[in-house]
Amino acid sequence: MQGASGIRIHIIMSNYELYQYKGCNFISNIYTIEHLEKVQSFEIRHSDVVAVTYPKSGTVWMQQILSLIFCDGDPAAIQSKSPIERVPWIEIPFLNFLSNPTPRLAVTHLPYHLIPEDLKKKNGKVIYVIRNPKDVVVSLYHFQNYLTILSTPSSFEDFLREFLEGKVIFSSWFDHIHEWYTHKDEFNILFITYEEMKQDLRTSVQKICDFLGKKLDDEKLDTVVKYCTFTNMKMNPVTKTGTIENKSASRAFFRKGIIGDWKNHFTVAQSEMFDGIFQERMKDIPLKFIWDSK
Ligand code: PPS
């Protein structure tokens, strides 16, 4: 596995297992405790930008948006390198976030309690992307069916139960949101939702630019939007190529990219059960969720 510039990262693994480190589930062959410990003492620069997501909430989308914003919409900058090389995950050991040129852009799925302490001193900027959890669980279910290193769920019903119990990669969606949201005042942070990006990508990119203090003229903004649409990202050979070995050629990382696909997977009973848990777990989190595309 190599993360050097210009080399596509290709991971093929069979002996995967989930292990827990400080209450969070990681995949054994990718994440190491040694590196996770180091991450917490990473020195963060004022100019660093870290996008935080629970898995399947729009991470690769945000990688694309951030890299295009910082190259003023120049598509050449996104054509030679994959998103993972341009905007690495800080928790993956062989992706060298620290040695990237300033401004360093990164993504992470890490829960609040495992991120660099420096970020909590308002060094750097954080963009937390939220997606409605019914669509997250559906996307993660398909991802587990797709990715070689993850076990194939026996059924959606079983997988939904595992998701609600936090027995999935990066553990509980509810804990992730809860922890980050309740500690939000420690950060220079913008919350943005997958759904608002989907409904109005241009306004969302502008909102991200405003937060980052980046000024793009209308033409550059249009170019960023153009290269960040689902269709263009799916068709782009650099973003299209999965970075990790998949189980079947008929499955794709860029699967549907819509709001409300959960309706094609949840039964009425599952949806009602989910709503009950959601209301209880999220009662003190005043975030607005968009559940369908109407
Ligand atoms: S991962 O594996 O955690 O990094 O996955 P992540 O990138 O967070 O989320 C993958 C889902 O995001 C969808 N996606 C997009 N939707 C709309 N527009 C754009 N441009 C876009 N890019 C990625 C992707 O299709 C996955 O969602 P599903 O619902 O499975 O299609």
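What counts and how
Residues numbered from 1 in each chain as written. Predicted model: local features only at pLDDT ≥ 70, side-chain atom pairs only at ≥ 80, totals over all residues. Heavy atoms only, no water. Helix = DSSP H or I, 4+ residues; strand = E, 2+ residues; numbered from the N terminus. Buried < 20%, exposed > 50% of the residue type's maximum accessible area, 1.4 Å probe, protein only. Salt bridge = Lys/Arg side-chain N within 4 Å of Asp/Glu carboxyl O. Contact = heavy atoms within 4.5 Å. Polar contact = N/O pair within 3.5 Å; in protein donor to acceptor, adjacent residues only side chain to side chain. Axes fitted to C-alpha atoms, helices over the stretch in contact; angles between N-to-C directions. Parallel < 35°, antiparallel > 145°, perpendicular 65-115°, else oblique. Left-handed = near helix turned anticlockwise from the far one by under 90°. Nonpolar A, V, L, I, M, F, W, Y, C, P; charged D, E, K, R; others polar. Near = heavy atom within 4 Å. Core = buried A, V, L, I, M, F, W, Y, C linked by side-chain atoms within 4.5 Å. Arc of directions from axis to C-beta. Pairing = 2+ DSSP bridges.

Undergrad: Quick question: what am I supposed to make of the side chain of Ser139 here?
TA: Secondary-structure assignment places Ser139 in helix H5 (residues 133-146). Here Ser139 falls in the buried class, since its relative accessible area comes to 11%.

Undergrad: Where do I start with the pattern of salt bridges in this structure?
TA: In a structure, side chains of opposite charge can pair up when their charged atoms sit close to one another. Using the criterion set out here, one finds 16 salt bridges in the structure. A salt bridge links Asp72 to Lys214; the nearest nitrogen and oxygen atoms lie 3.4 Å apart. Taken as a pair, Asp72 in the loop between helix H2 (59-70) and helix H3 (76-79) and Lys214 in the loop between helix H9 (201-212) and helix H10 (218-228) lie far apart in primary sequence, 142 residues in all. When the shortest N-O distance is used, the salt bridge between Asp261 and Arg255 registers 3.0 Å. Via salt bridges that share partners, Arg202, Asp218 and Asp222 belong to a single interconnected network.

Undergrad: Is there a simple way to think about the environment of Ser67 in this case?
TA: Mapped onto the secondary structure, Ser67 falls in helix H2. Taking the C-alpha atoms as reference points, Ser67 and Ile149, 82 residues apart in sequence, are found 27 Å from one another. If we skip the residues at most four places from it in the chain, Ser67 touches Ile78, Arg86, Val87 and Leu105. Within the structure, the side chain of Ser67 is placed 3.4 Å from the backbone oxygen of Gln64, a separation counted as a polar contact. Only 2.7 Å separates the side chain of Ser67 from the side chain of Arg86, close enough to count as a polar contact.

Undergrad: Looking at this structure, I do not really get the packing of helix H7 (residues 173-182) against helix H13 (residues 268-281). What am I missing?
TA: It is at 11 Å that the axes of H7 and H13 come closest, and there the two elements cross at 25 degrees. By the angle class used here, H7 and H13 are roughly parallel. Considering how the two elements wind past one another, H7 and H13 form a crossing that is right-handed. Listed contacts from H13 to Trp173, Phe174, Asp175 and His178 of H7 are Phe274, Ile277, Phe278 and Arg281. A class-by-class count of the residues in the contact of H7 with H13 yields five nonpolar, one polar and two charged.

Undergrad: Teacher, can you tell me more about the site of the ligand here?
TA: Taken together, 22 residues surround the ligand, and among them Thr59, Ser139, Tyr194, Lys256 and Gly257 come closest. Contacts to the ligand include Thr59, whose side-chain N or O atom sits 2.4 Å from an oxygen atom. Mapped by element, the contributors of at least two residues to the shell around the ligand are H2, H5 and helix H11 (230-235). Looking at the shell around the ligand element by element, the count peaks at three residues for H2.

Undergrad: I keep staring at the environment of His109 and nothing clicks. Help me out?
TA: One can find His109 in the loop between strand E4 (105-108) and strand E5 (125-130). Residue His109 is classed as buried on the basis of its relative accessible area, which comes to 7%. For the pair His109 and Glu91, spaced 18 residues apart in sequence, the C-alpha separation works out to 8.0 Å. Contacts of His109, omitting those with residues within four sequence positions, involve Thr53, Tyr54, Pro55, Thr59, Trp89, Glu91, Phe170 and His176. Polar side-chain contacts of His109 include one of 2.9 Å to the backbone oxygen of Thr53.

Undergrad: Would you mind showing me how to read the nonpolar core here?
TA: Where a protein is soluble and globular, its nonpolar side chains tend to be buried together. With 97 residues, the main nonpolar core has Phe26, Met62, Ile65, Ile127, Trp173 and Ile208 as its most contacted residues. Once you skip the residues sitting within four places of it in the chain, Phe26 turns out to touch Glu17, Leu18, Tyr19, Tyr21, Tyr31, Leu36, Leu110, Leu114 and Phe170.

Undergrad: What is the right way to read helix H6 (residues 156-164) from this model?
TA: Note on helix geometry: an α-helix contains 3.6 residues per turn, so any two residues three or four positions apart are oriented the same way. Of the residues making up H6, those classed as buried are Phe156, Phe159, Leu160, Phe163 and Leu164. For H6, the arc enclosing every buried residue in end-on projection is 135 degrees, short of the 170-degree limit, so these residues lie on one face. In this structure, the buried side of H6 is in contact with H5, H7 and H13. Positive backbone phi, at 75 degrees, marks Gly166, one or two positions downstream of H6.

Undergrad: In this structure, what is going on with the sheet that holds E5? I would like to understand it.
TA: Through backbone hydrogen bonds, the strands of a sheet pair up, either in parallel or in antiparallel fashion. Spatially, four strands are ordered E4-E3-E5-E6 in an open sheet, and the strand pairing comes out parallel. For this open sheet the edge positions go to E4 and strand E6 (189-193), each flanked by a neighbour on one side alone. The average angle at which neighbouring strand axes cross in this sheet is 20 degrees, direction not considered. For strand E3 (residues 49-53) and E5, the ladder comprises five bridges, and the chain directions are parallel. From the neighbouring strand, Val49 faces E5, where its bridge partner is Lys125.

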